[in-house]
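Residues per chain are reported as follows:
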Amino acid sequence: PDDANPRAVAAALTSLLAALARPVVAPERLPRLGFQDADHLRSWTEAFLTNLPDAEHNVVSYVLALLRTVLKKGDATPAELSAVACAGLMPYSSGALAHMDNVLQYLLTID
């Protein structure tokens, strides 16, 4: 419905994704690149999206679109939404989790 609270929908969706038998973004799908600045962040993000199979790529794109809607309504910050997305897309502990959090914040704020 049009009057649904986007933040509640985003939280429900990411909870559902986190409960899946296998994560949407498996650890082996993450690029082995590190980044220290914006140029490396863009490269890592491009490599990440390119390495995803179509189904996973579509899920990530849909979740980001939903979270951008929440962001536009001013209901949360990019950092808060990125944390929600990480919890749903990558519900495991990983050394790359911090990189993924930065990547999702970047993807939420680019046009």
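Residues numbered from 1 in each chain as written. Predicted model: local features only at pLDDT ≥ 70, side-chain atom pairs only at ≥ 80, totals over all residues. Heavy atoms only, no water.

## With respect to the overall build of the protein chain
The secondary structure content of the protein chain amounts to five helices and zero strands. Overall, the protein chain shows an N-to-C arrangement of helices and strands of α-α-α-α-α. The buried share of the protein chain, taken over its 111 residues, is 34%. Within the protein chain, contacts between residues separated by at least 24 positions form 66% of all contacts whose residues are at least 6 apart in sequence. Element-wise, carbon and sulfur atoms account for 55% of the exposed surface of the protein chain, whose accessible area totals about 6,300 Å². (Helix = DSSP H or I, 4+ residues; strand = E, 2+ residues; numbered from the N terminus. Buried < 20%, exposed > 50% of the residue type's maximum accessible area, 1.4 Å probe, protein only. Contact = heavy atoms within 4.5 Å. Areas by Shrake-Rupley, 256 points an atom, 1.4 Å probe, with all protein chains shown as cover.)

## Describing the side chain of Glu56
Note on placement: Glu56 falls in helix 3 (residues 54-72). Discounting chain neighbours no more than four positions away, the residues touching Glu56 are Arg22 and Val24.

## Describing the pattern of salt bridges
Scanning the entire structure with this criterion turns up one salt bridge. Measuring nitrogen to oxygen at the nearest pair gives 3.2 Å for the salt bridge that ties Glu56 to Arg22. Taken together, the residues span a long stretch of sequence, with Glu56 in helix 3 and Arg22 in the loop between helix 1 (6-18) and helix 2 (38-51) at a distance of 34 residues. Given a relative accessible area of 10%, Glu56 falls into the buried group. (Salt bridge = Lys/Arg side-chain N within 4 Å of Asp/Glu carboxyl O.)

## Thoughts on helix 4 (residues 78-89)
For helix 4, spanning twelve residues, the distance from its first C-alpha to its last is 16 Å, which sits close to the expected 16 Å at 1.5 Å a residue. Taken together, the buried residues of helix 4 touch helix 1, helix 3 and helix 5 (97-109). (Expected span 1.5 Å × (residues − 1).)

## Observations regarding the nonpolar core
By size, the foremost hydrophobic cluster in this structure holds 28 residues, and its most contacted members are Val25, Leu30, Phe48, Val60, Leu89 and Met100. Among the secondary structure elements, those contributing two or more residues to this core are helix 1, helix 2, helix 3, helix 4 and helix 5. Of the residues forming this core, the biggest block, six residues, is contributed by helix 3. Those residues within four positions of Val60 in sequence are excluded, and the remaining contacts are Val24, Val25, Phe48, Leu49, Leu52 and Leu89. (Core = buried A, V, L, I, M, F, W, Y, C linked by side-chain atoms within 4.5 Å.)

## Here we look at the confidence of the model for the protein chain
Considering every residue of the protein chain, the mean pLDDT works out to 79; 86% of them sit at 70 or more. Per-element mean pLDDT across the protein chain ranges from 78 in helix 1 up to 88 in helix 3. (pLDDT = per-residue confidence, 0-100.)

## Some points on helix 1
Given 3.6 residues to a turn, an α-helix orients residues that are three or four positions apart in the same direction. Taking 1.5 Å per residue, 13 residues should reach 18 Å; helix 1 reaches 18 Å between its end C-alpha atoms and fits that length. The complete set of buried residues in helix 1 reads Pro6, Ala10, Leu13, Thr14 and Leu17. Buried residues of helix 1 fall within an arc of 95° about the axis and therefore sit on the same side. Looking at the buried residues of helix 1, the elements they touch are helix 3 and helix 4. (Arc of directions from axis to C-beta.)

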